[in-house]
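Fold and contact review
Each chain, written out:
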Amino acid sequence: MSERRGAVPALSDPVLDRLRGALAAPELPERYVLGQPLGRGGMATVWRAHDLLLDREVAFKVLDLPEGEDDLAERLLREARVLAQLEHPGIVPVHDVGTLSAGRVFYAMKLVQGRRLDDVVRDGASLPERLRLFLRACEPVAFAHARGVLHRDLKPENVMTGPFGEVLVLDWGLAKKLDDREPAKAVCGSGTDITGHTGHEMRLGTPAYMPPEQREAGIVDERSDVYALGGVLHYLLHGAAPGECSVHLAKPVARRLASIVNRARALKPEARYATVSALAADVERFLAGSPVLAHPESLAERGLRLLSRHKVVVVLLLVYVLVRLALLLIAGR
Amino acid sequence: MTRNHRAPFPFTRLSLLEAVRQPELGEAAFATLVEAYWGPVYSYLRLRWRVTPEETEDLVQSFFARVLEKRVFAAYNPEKARFRTFLRLCLDRFVINERTAAMRHKRRGALSAEPQGQSHEVEDSALEPDPEECFHREWLRALFAEAIERLQALCVEEPRRVRFKLFERYDLLSGESVNRLSYADLAAEFGLPVTQVTNHLAWARRELRRLVLEVLRERTVSEREFRDEARRALGMDLP
Amino acid sequence: MTKMLLGTILGGVLGILDGLSAIVSAPETVPQIIGIVIGSTIKGLIAGVLIGYFARRVNSLPLGIVLGLAVGFVLALLVCLMQRFGGEHVYWWQVMLPGSLVGLIVGYATQRYGLISHGRQKGL
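Residues numbered from 1 in each chain as written. Chains lettered and ligands numbered in written order. Predicted model: local features only at pLDDT ≥ 70, side-chain atom pairs only at ≥ 80, totals over all residues. Heavy atoms only, no water.

**Details of the overall build of chain A**
Helix and strand content of chain A: ten helices and twelve strands. A total of 333 residues make up chain A; the buried ones form 48% of that total. A separation of at least 24 residues holds for 56% of the contacts in chain A among residues at least 6 apart in sequence. Of the roughly 15700 Å² that chain A leaves accessible, carbon and sulfur atoms contribute 57%. (Helix = DSSP H or I, 4+ residues; strand = E, 2+ residues; numbered from the N terminus. Buried < 20%, exposed > 50% of the residue type's maximum accessible area, 1.4 Å probe, protein only. Contact = heavy atoms within 4.5 Å. Areas by Shrake-Rupley, 256 points an atom, 1.4 Å probe, with all protein chains shown as cover.)

Structure, rendered in structure tokens:
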């Protein structure tokens, strides 16, 4: 119910909701046909759209509100610039950037269709498969580090796997240049407000995956992303973020793998892997059945590992020895 | 106090709530605030407290009079809650106190302690289970109504007049209809090309968006509140 | 290490062990132990070369195992037949069973480990 004001008709609930929906939708350039919203973050919404000129599906990340005095527009543009400069199969390419007629800043990018890493775990992927996906996710991050860019919001929800096994790291909205040595401002990541102060200073990142130095707004570097990737690895192994109750997955976690996670997530940066590549290399060693740097093996552990790695041959040789012994016993009678 | 239907808001950068606290701006700002929240308060009393239409007007007036008298808005702390939540809680407390006083003086009226389920014009389907949601809904309705009025005021002369007519016809009047008009229908009705209808409607929606944000900025007290309310008002919480 | 070299070495080593085990399983053959060991080693080497060559050509664990078993079995059978036609006592079980097992082990190992050739990745 509402009051009638002047000649304007009363706004019923359906009309009100439709108006709100119409105002939420961005007015895209003529060559694009707007589709459904794909995801909503703290400051922007990602929309699906069809490019009539190139006859392909694209994604538009559009600020919810028009450019104002705050720095959200600049942040979105910076995100677009970062993505545009990082040309890697594991990083979404940017097609276009600009401001819509309503003053809303946007950038257009490749539409990524697939499953997020958390969905992959829920669907029951095997451990080797999960670890291989993790290794693939490390590649674009290592590439970005080599180009002087930190991600700062790595988590399972920001890693997508495509239908052909491709892995993409998404949401570079909090990316930072390595040579920018100012203390990390704490800001919102992907719609997860930790605390809000003014429009210029909010907290950064996702708490469960955020290293201490980022939480305390200290200096961040590649090892901060290593910490976050350690959290992602933890999620892949336990089915839950660090600090949450873990979902029971098929087998208990191998000690060497747990050591890798612990080293990546060491509280002090100097105790972690120095680079993402070093972390990935240790996970590769684990997959190959080789000793890992994070876990100094005792002699017994080494022996067990070798036995486990070559168990079939060991069993065959044992069978051979047993057969020989059996024949000896028979001959002895 | 009486309701001022068209109190102009002279403030640009200053929010209503900040202006209310300033001696030279207080009265005008308060009148504008009342204008902004009269509708939501009225509707909330009808929907949530099942007040009869006759007594709702009196109750709304009494509420705002009490707010002015006790300088209730001075106690508002933006860090703790949104302003409309604060206002709703004040309203709930006011109604409870009024009913308690009425019972204490053994006065029977339409203000009963429990919802009686009496038949009013209120449609049961319009009832919100959540009081906060109910108040927010009415607040949104008032916000959009104000923005649409401002849009209408902008479109007094051609060519904007036809733009508003198109918008009214398409988005306001036929919005609920199962067989909604198409752009081609509108074009035929107004004797315009379809592309022009599309452009006019796009203009009207763009302006409405701008005006909704303009009204919202007047009715919020902090940047954060403005952004939160803006995202909700503009449908960012819709599925 | 290439698959052929792996097969040859493994076959040879297991052949030596096979031959030496005769000291305990058939003590009456001790005077001929050197000949037994040499013969067993040659059998192991031949088996290793054949199986290793197969592994180099065919990348299939099941087939490698089956071929290894078959080669080991056939070579062991030949040894037994030689013993029989030579008028010697034939140690059927003591020769056939371990011989087949050696072939199986070499078949598995050459499929699972070793390089196809220098610079190329292993088959599995």
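The structure having been displayed, the exposition proceeds.
**Quick word on the interface of chain C and chain A**
If you look at the interface, chain C gives 17 residues, while chain A gives 13 residues. When chain C packs against chain A, close to 1400 Å² is buried across both sides, 76% of that on carbon and sulfur atoms. Among the residues chain C hides against chain A, the three largest losses belong to Leu101, Ile105 and Tyr108 of chain C. Together they make up 33% of the total. For the pair chain C and chain A, the interface holds one salt bridge. For Arg324 of chain A, the salt bridge is made with Asp18 of chain C, and the minimal N-O distance between the two is 2.3 Å. Taken together, the links from chain C to chain A amount to three residue pairs in polar contact (both at pLDDT 80 or more). At the level of secondary structure, the elements contributing two or more residues to the side of chain C that touches chain A comprise helix H1 (3-20), helix H2 (22-25) and helix H5 (92-112) of chain C. Of the residues forming the side of chain C that touches chain A, the biggest block, ten residues, is contributed by H5 of chain C. (Buried area = accessible area lost by both parts, 1.4 Å probe. Salt bridge = Lys/Arg side-chain N within 4 Å of Asp/Glu carboxyl O. Polar contact = N/O pair within 3.5 Å; in protein donor to acceptor, adjacent residues only side chain to side chain.)

**Some points on the sheet that holds strand E9 (residues 167-169) of chain A**
Residue and element names in this part refer to chain A. Strands sit in the order E6-E8-E9 across an open sheet of three strands; the sheet is antiparallel. A strand with exactly one partner marks an edge of an open sheet, and here the two such strands are strand E6 (115-116) and E9. With two bridges connecting them, E6 and strand E8 (residues 159-161) associate as antiparallel partners. Bridge assignment links Arg116 to a residue of E8, and that residue is Met160. (Pairing = 2+ DSSP bridges.)

**Details of the packing of H1 of chain C against helix H3 (residues 33-57) of chain C**
Residues and elements named next belong to chain C. The geometry of H1 relative to H3 is characterised by a closest axis approach of 6 Å and an angle of 155° between their N-to-C directions. Between H1 and H3, the crossing angle belongs to the class labelled roughly antiparallel. H3 is crossed by H1, and the crossing has right-handed handedness. Class assignment for the residues of the contact of H1 with H3 results in ten nonpolar, eleven polar and four charged. (Axes fitted to C-alpha atoms, helices over the stretch in contact; angles between N-to-C directions. Parallel < 35°, antiparallel > 145°, perpendicular 65-115°, else oblique. Left-handed = near helix turned anticlockwise from the far one by under 90°. Nonpolar A, V, L, I, M, F, W, Y, C, P; charged D, E, K, R; others polar.)

**Let's talk about the environment of Phe167 of chain B**
Here Phe167 of chain B shows up in helix H6 (residues 160-173). For the pair Phe167 of chain B and Arg205 of chain B, spaced 38 residues apart in the sequence, the C-alpha separation amounts to 7.9 Å. Apart from the residues lying within four places of it in its own chain, the contact partners of Phe167 of chain B are Leu19 of chain A together with Ile148, Leu151, Leu172, Leu201, Ala204 and Leu208 of chain B.

**As for the pattern of salt bridges**
Any two side chains of opposite charge can pair if their charged atoms end up close together. Residues and elements named next belong to chain B. A full pass over the atoms with the stated rule returns 37 salt bridges over all chains. Here Glu229 ties to Arg84 by a salt bridge, and the two come within 2.8 Å at their closest N and O atoms. Taken together, the positions of Glu229 in helix H9 (residues 223-233) and Arg84 in helix H4 (residues 83-104) put the pair 145 residues apart, joining distant regions of the chain. A residue is classified by how much of its surface remains accessible, and Glu229, at 0% relative accessible area, is buried. Residue Arg84 is classed as buried on the basis of its relative accessible area of 1%. Of the charged contacts, one joins Arg232 and Glu133 as a salt bridge, the two residues approaching to 3.4 Å between their closest N and O atoms.

**Re the packing of helix H4 (residues 61-85) of chain C against H5 of chain C**
Residue and element names in this part refer to chain C. Relative to each other, H4 and H5 sit at 150°, their axes nearing to 7 Å. Between H4 and H5, the angle is such that the two are roughly antiparallel. Between H4 and H5 lies a crossing whose hand is right-handed. Within the contact of H4 with H5, the residues separate by chemical class into 13 nonpolar, nine polar and one charged.

**With respect to the confidence of the model for chain A**
Per-chain confidence: chain A averages 84 in pLDDT, with 86% of residues scoring 70 or above. Counted against residues more than four places away or in other chains, residues 182-203 of chain A, with its pLDDT under 50, gives 60 contacts. (pLDDT = per-residue confidence, 0-100.)

**Some points on the side chain of Arg46 of chain B**
All names here are of chain B. Along the chain, Arg46 falls in helix H2 (residues 26-48). Judged by its relative accessible area of 1%, Arg46 falls in the buried class. There is a polar contact of 2.8 Å between the side chain of Arg46 and the backbone oxygen of Val51.

**Some remarks on the packing of aromatic side chains**
Residues and elements named next belong to chain B. Under the defined criterion, the tally for this structure stands at ten aromatic pairs over all chains. Ring centres 6.1 Å apart and planes at 35° place the aromatic pair Phe83 and Phe86 in the tilted group. Remark: Phe86 and Phe83 occur in helix H4; sequence separation between them is three residues, near one turn of the helix. Ring pairs connect the aromatic residues Trp38, Phe63, Phe64 and Phe94, which therefore count as one cluster. One residue, Arg163, lies across the ring of Trp203, its end atom 4.7 Å from the ring centre. Over the face of the ring belonging to Phe226 we find Arg217, whose NZ or CZ atom lies 3.8 Å from the ring centre. (Phe/Tyr/Trp six-rings, centres within 6.5 Å; stacked < 30°, edge-to-face > 60°. Lys NZ or Arg CZ within 6 Å of the ring centre and 35° of its normal.)

**Some thoughts on the nonpolar core**
Residues Tyr37, Val41 and Phe167 of chain B are the most contacted members of the largest nonpolar core, which totals 72 residues. The leading source of residues in this core is H2 of chain B, at eleven residues. Discounting residues that sit within four places of it in the chain, Val41 of chain B has contacts with Val60, Phe63, Phe64, Leu87, Leu91 and Phe135 of chain B. Residues Val92, Ala144, Tyr273 and Val283 of chain A belong to the second largest nonpolar core, which totals 64 residues. (Core = buried A, V, L, I, M, F, W, Y, C linked by side-chain atoms within 4.5 Å.)

**Side note on the pairing of strand E4 (residues 94-99) of chain A**
Here is the key point about a regular strand: its side chains alternate between the two faces of the sheet. All names here are of chain A. As paired elements, E4 and strand E5 (residues 105-110) share five bridges and run antiparallel to each other. When the bridges of E5 are listed, Thr99 appears paired with Val105. Between E4 and E5, which pair antiparallel in sequence order, lie five residues; one of them, Gly103, sits at a positive phi of approximately 80°.

**Here's the deal with a nonpolar patch on the surface**
A cluster of nonpolar side chains, namely Met1, Leu5, Ile9, Val13 and Leu17 of chain C, defines an oily patch on the protein surface of about 450 Å² accessible area. Judged by relative accessible area, which is 44%, Leu5 of chain C ranks as partly exposed. (Patch = residues over 30% accessible without salt bridge, like charges linked within 9 Å, V, L, I, M, F, W, Y side chains within 5 Å.)

**Brief notes about the environment of Glu297 of chain A**
Residues and elements named next belong to chain A. Summarising the element assignment, Glu297 is placed in the loop between helix H8 (276-288) and helix H9 (299-309). Glu297 sits 41 residues away from Arg256 along the chain, and the two C-alpha atoms are 8.9 Å apart. Apart from the residues lying within four places of it in its own chain, the contact partners of Glu297 are Arg256, Pro291, Arg302 and Arg305. Of note is the side chain of Glu297, whose polar atom sits 2.6 Å from the side chain of Arg305.

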